[in-house]
Amino acid sequence: MKQNKTFMVVSHKGGSADWHHPATLPIARPLKLIDEHTEEEGEVEVLVAEPEITEPPMYAVVMYNDDYTPMEFVVYVLQSEFRHNMDKAVEIMLNIHNQGRGIAGIYPKDIAETKAKKVNQTARKEGYPLLTQIEPHQSS
């Protein structure tokens with residue numbers, strides 16, 4: 001199947017064209033050209049490679065234990081910012097309390113940074129020294 005393309009050929013009858021005055025604009029007439037690179041019949045075979053999609057590097061949002069931040073506040077943050085249910089939030093809070101640190105969530109870097117910053121700001125606003133940082137996380 002041949003594909004025809006239409007181009008406009010501008011001819012100009014003496015003098016200079018002025019776009020301000022339509023009467024002096026060049027006259028346009030259609031001109032058809034045949035694309036030499038098209039197939040006569042059938043379809044063109046195209047090899048499509050599957051896109052290589054890689055997972056973004058993940059970062060753990062780590063909360064550290066301190067002697068001043070109430071356990072209830074930590075549970076509140078785990079529920080409100082990280083969307084954990086009550087049981088999971090208490091489990092993570094106890095891990096932070098007993099191990100000295102715990103993972104609140106695992107996210108791509110920009111999301112992890114945003115969550116850690118928000119938790120630290122919320123803690124400071126409430127007068128608590130709760131520290132939350134991010135670190136690279138290797139998936140198992």
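Residues numbered from 1 in each chain as written. Predicted model: local features only at pLDDT ≥ 70, side-chain atom pairs only at ≥ 80, totals over all residues. Heavy atoms only, no water.

Visitor: Please explain the overall build of the protein as it appears in this structure.
Guide: When helices and strands are counted, the protein shows three helices and five strands. Taking contacts inside the protein between residues at least 6 apart in sequence as the whole, the part at least 24 apart equals 64%. (Helix = DSSP H or I, 4+ residues; strand = E, 2+ residues; numbered from the N terminus. Contact = heavy atoms within 4.5 Å.)

Visitor: Honestly, the sheet that holds strand 4 (residues 101-108) in this entry has me stumped. Any pointers?
Guide: Ordered in space as 4-3-5, the three strands form an open sheet in which the pairing is antiparallel. Each edge of the open sheet carries a strand with a single partner, namely strand 4 and strand 5 (131-137). Taking the axes of each pair of neighbouring strands and ignoring which way they run, one obtains an average angle of 30 degrees across the sheet. Relative to strand 4, strand 3 (residues 58-64) runs antiparallel, the two sharing seven bridges. Of the residues in strand 4, the one forming a bridge with valine 61 is glycine 105. Running at roughly 125 degrees to strand 4, helix 2 (residues 86-99) makes contact with strand 3 and strand 4 of the sheet. (Pairing = 2+ DSSP bridges. Axes fitted to C-alpha atoms, helices over the stretch in contact; angles between N-to-C directions.)

Visitor: Explanation requested: helix 1 (residues 71-80) in the structure shown.
Guide: Because an α-helix completes one turn every 3.6 residues, residues spaced three or four positions apart along the sequence face the same direction. Along helix 1, the residues classified as buried are Phe73, Val74, Val75, Val77 and Leu78. Along its buried surface, helix 1 packs onto strand 3, helix 2, strand 4 and helix 3 (109-126). (Buried < 20%, exposed > 50% of the residue type's maximum accessible area, 1.4 Å probe, protein only.)

Visitor: Help me understand helix 3 in this model?
Guide: Over its 18 residues, helix 3 extends 26 Å from the first C-alpha to the last, a length consistent with the 26 Å expected when each residue adds 1.5 Å. For helix 3, the complete set of buried residues consists of Ala112, Lys115, Ala116, Val119, Asn120 and Ala123. Down the axis of helix 3, the sector holding all buried residues measures 130 degrees, keeping them to one side. More than 90 degrees from the buried face of helix 3, the exposed residues found are Asp110, Thr114, Lys117 and Lys125. (Expected span 1.5 Å × (residues − 1). Arc of directions from axis to C-beta.)

Visitor: Even after reading the chapter, I still don't get the nonpolar core, so can you show me in this structure?
Guide: Across soluble globular proteins, you tend to see nonpolar side chains buried next to one another. One finds Val61, Met63, Val74, Leu78, Phe82 and Leu130 to be the most contacted residues of the largest nonpolar core, which totals 20 residues. Going through the elements one at a time, strand 3, helix 1, helix 2, strand 4 and helix 3 are the ones with two or more residues in this core. A per-element tally of this core places helix 1 first, with five residues. (Core = buried A, V, L, I, M, F, W, Y, C linked by side-chain atoms within 4.5 Å.)

Visitor: How do you make sense of the pattern of salt bridges when you look at a structure like this?
Guide: Pairing is possible between side chains that carry opposite charge, provided their charged atoms lie close to one another. For the coordinates displayed, the defined rule picks out four salt bridges. Note that lysine 118 is salt-bridged to glutamate 81, the shortest N-O span being 3.3 Å. Of this pair, lysine 118 sits in helix 3 while glutamate 81 sits in the loop between helix 1 and helix 2, placing them 37 residues apart in sequence. The exposure class assigned to lysine 118 is partly exposed, which follows from its relative accessible area of 44%. One connected set of salt bridges, linked through shared partners, spans Glu81, Lys115 and Lys118. (Salt bridge = Lys/Arg side-chain N within 4 Å of Asp/Glu carboxyl O.)

Visitor: Just checking my understanding: could you explain the packing of aromatic side chains for this structure?
Guide: The geometry of an aromatic ring pair is captured by two quantities: the separation of the ring centres and the angle between the planes. Following the criterion strictly, the structure yields three aromatic pairs and no others. Within the aromatic cluster, the residues linked to one another by ring pairs are Phe73, Tyr76 and Tyr128. It is lysine 115 that lies over the ring of phenylalanine 82; its NZ or CZ is 5.6 Å from the centre. It is lysine 115 that lies over the ring of tyrosine 107; its NZ or CZ is 5.2 Å from the centre. (Phe/Tyr/Trp six-rings, centres within 6.5 Å; stacked < 30°, edge-to-face > 60°. Lys NZ or Arg CZ within 6 Å of the ring centre and 35° of its normal.)

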